[in-house]
Amino acid sequence: MKNQRVVVTGGAGFIGSHLVVQLVEAGNDVVVIDTLLRGNKIPHEIFKQIEFHKVDVCDRDKVKAISKGANVIFHFAAILGVDIVADNPIETMETEVNGMQSVAGAAIENQIDRIVYASTSGVYGHLALEKSVDEEILVDPRTSYAMAKRYNEIYLASLFEEKGINSIAIRFFNVYGLRQDNRMVIPRFYEQAMSNEPITVFGTGEQTRDFTYVDDAVKASILLANRVKGFEIFNVANERESTIGELAEKIKKMSGSTSEIKFIYAPKKRYDFEVGRRFGSSAKLLKHIDYKPNTQLNEGLDVIYASLLN
Ligand SMILES: NC(=O)c1ccc[n+]([C@@H]2O[C@H](COP(=O)([O-])OP(=O)(O)OC[C@H]3O[C@@H](n4cnc5c(N)ncnc54)[C@H](O)[C@@H]3O)[C@@H](O)[C@H]2O)c1
């Protein structure tokens, strides 16, 4: 994708900021809509080259006006983080539902026929227990966040049927990398390890996740944006399982930390949502764009650790 006018909602956030960097570097004209809930993660040099609007994605009139003339909208604005979502289920759902209506309205009014939406592997809920999940498996969202993501996937499917707006929903599997904040497990473990405080693992540490490096996730998103047609769902997963206990060990070892690894009881709200095992299949992604995430967890962790030393 180059020489396109691209709107990115949530562009100042973790994944959004990496997306903005790659889009600008490829020669696109990038417009960001973000309320800066997590600060501005877009590197300074890149920020100077974009158009930025501190605007709530739920503000339909403003989103419509800002996105005039755009070729594609990446809709990545959201409320997330297990604890934050558990404490704010109403705002989580509102941002998803009203934000998507705003984006859809802008696409219809401005004849933007491509939306790339950040969904989540969370829609698979507990069904991911037995095997690597593909897009065909029945979904089972358990949180307001996952529920809202699934709702928006269905909404986008109908938007194509009713209005001919093409879109893709990307189900990301635990994206990690530079500039992520400590709502997520990897930055939290680094913070604890580097200060030699106990590394706190919820539960037994045997629960698994599929960690996808952010550069890979963004590359896949841009390649997908080039081929949006109808409505499609794609997993973006690294296809490798790691236990949270192993992750804690790796981070402790890498940082030469004296931290104790402490297995603690999580607050009840966490257990209600806890998924024992989750890893995804990127076979559909590979088939359609001839690419799938390939950065190994150790490589990604090395990059983060190196940045923390600077
Ligand atoms: N990080 C992951 O592992 C992961 C996994 C699955 C899906 N996702 C999805 O990817 C997207 C990006 O996630 P992230 O990790 O970068 O999260 P993030 O919290 O770092 O970024 C989200 C951004 O959205 C902005 N935002 C929130 N509410 C807004 C509103 N009403 N109007 C405008 N901006 C608003 C925030 O200010 C923030 O900059 C989200 O949609 C998320 O649900 C992320």
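A.B. asks: Explain the overall build of the protein chain here, please?
C.D. replies: Helix and strand counts for the protein chain stand at 12 helices and 13 strands. Along the longest, intermediate and shortest principal axes, the C-alpha atoms of the protein chain span 55 × 45 × 40 Å. Looking at the protein chain as a whole, 44% of its 310 residues qualify as buried.

A.B. asks: Where do I start with the sheet that holds strand β4 (residues 72–75) in this structure?
C.D. replies: In a beta sheet, neighbouring strands are held together by backbone hydrogen bonds and run either parallel or antiparallel to one another. Strand order in the open sheet made by the seven strands is β3-β2-β1-β4-β5-β6-β11, with parallel pairing throughout. Only two strands of the sheet have a single partner each, and these edge strands are β3 (51–53) and β11 (231–236). Strand-to-strand twist of the sheet, defined as the mean angle between neighbouring strand axes without regard to direction, takes the value 20°. In terms of strand pairing, strand β6 (residues 166–172) meets β11 through six bridges, oriented parallel. Within β11, the residue paired with arginine 171 across the bridge is asparagine 235.

A.B. asks: Can you help me understand the packing of helix α7 (residues 185–194) against helix α9 (residues 244–254) in this one?
C.D. replies: Any two packed helices are characterised by how steeply their axes cross, that is the angle between the axes, and by the distance between the axes. Following both chains from N to C, one finds α7 and α9 inclined at 40°, their axes separated by 9 Å at the closest point. Relative to α9, the element α7 is oriented oblique. The handedness of the crossing between α7 and α9 comes out as right-handed. Contacts between α7 and α9 involve Val185, Phe189, Tyr190 and Ala193 on the former and, on the latter, Ile244, Leu247, Ala248, Ile251 and Lys252. Here the residues of the contact of α7 with α9 sort into eight nonpolar, no polar and one charged.

A.B. asks: Explain the site of the ligand to me, please; I cannot follow it from the model alone.
C.D. replies: Taken together, 28 residues form the shell around the ligand, and within it Gly10, Gly13, Leu37, Ala78 and Ala118 come nearest. At the level of elements, α1 (14–25), α5 (89–109) and β5 (114–120) are the ones that each hand at least two residues to the shell around the ligand. The element that contributes the greatest number of residues to the shell around the ligand is α1, accounting for three residues. Split by residue class, the shell around the ligand holds 16 nonpolar, nine polar and three charged.

A.B. asks: Mind showing me how you'd approach the pairing of strand β2 (residues 29–33) here?
C.D. replies: Burial runs high along β2: four of the five residues are buried. Two strands pair when backbone bridges link them, and strand β1 (residues 5–9) and β2 are joined in this way by five bridges, in the parallel orientation. In the strand pairing of β2, arginine 5 is matched with aspartate 29. After leaving β1, the chain enters α1 and then returns to the sheet as β2, a path that is right-handed. Relative to β3, β2 is paired through three bridges, and the arrangement is parallel. Across the sheet, the residue bridging to valine 31 is glutamate 51, located in β3.

A.B. asks: Would you take a moment to explain helix α8 (residues 214–225) for this structure?
C.D. replies: Three or four residues apart is the spacing at which side chains of an α-helix point the same way, because the helix has 3.6 residues per turn. In a regular helix each residue adds 1.5 Å, so 12 residues correspond to 16 Å; α8 covers 16 Å between its end C-alpha atoms and thus fits that length. Buried residues dominate α8, accounting for nine of its 12 residues. Those residues of α8 that fall on the buried side of the exposure criterion are Val214, Asp216, Ala217, Val218, Lys219, Ala220, Ser221, Leu224 and Ala225.

A.B. asks: Would you take a moment to explain helix α12 (residues 297–309) for this structure?
C.D. replies: Taking 1.5 Å of rise per residue, 13 residues should cover 18 Å, and α12 covers 19 Å from first to last C-alpha, within 8% of that figure. The set of residues buried in α12 consists of Leu297, Gly300 and Leu301. Down the axis, α12 shows its buried residues gathered within 100° of arc, on one side only. Facing away from the buried side of α12 by more than 90 degrees, the exposed set consists of Asn298, Glu299, Asp302, Ala306 and Leu309. Those residues of α12 that are buried lie in contact with β7 (175–176), β10 (212–213), β12 (242–243) and α9.

A.B. asks: Honestly, unusual backbone geometry in this entry has me stumped. Any pointers?
C.D. replies: For residues other than glycine, phi is negative in most cases, and the peptide bonds are mostly trans. The backbone of asparagine 3 sits at a positive phi, close to 55°, despite the residue not being glycine. Take asparagine 3: there are 9 C-beta atoms within 10 Å of it, and that puts it in the exposed class. Backbone geometry at aspartate 290 places phi at a positive 60°, although glycine is not the residue there. Among the secondary structure elements, aspartate 290 is positioned in the loop between α11 (283–289) and α12.

Reading the values: the criteria
- Residues numbered from 1 in each chain as written.
- Predicted model: local features only at pLDDT ≥ 70, side-chain atom pairs only at ≥ 80, totals over all residues.
- Helix = DSSP H or I, 4+ residues; strand = E, 2+ residues; numbered from the N terminus.
- Buried ≥ 20, exposed ≤ 12 C-beta atoms within 10 Å, placed from the backbone.
- Pairing = 2+ DSSP bridges.
- Axes fitted to C-alpha atoms, helices over the stretch in contact; angles between N-to-C directions.
- Parallel < 35°, antiparallel > 145°, perpendicular 65-115°, else oblique.
- Left-handed = near helix turned anticlockwise from the far one by under 90°.
- Contact = placed C-beta atoms within 7 Å.
- Nonpolar A, V, L, I, M, F, W, Y, C, P; charged D, E, K, R; others polar.
- Near = placed C-beta within 6 Å.
- Right-handed = clockwise from strand over helix to strand, strands pointing away.
- Expected span 1.5 Å × (residues − 1).
- Arc of directions from axis to C-beta.

On their own, these measurements won't tell you what the molecule is for.
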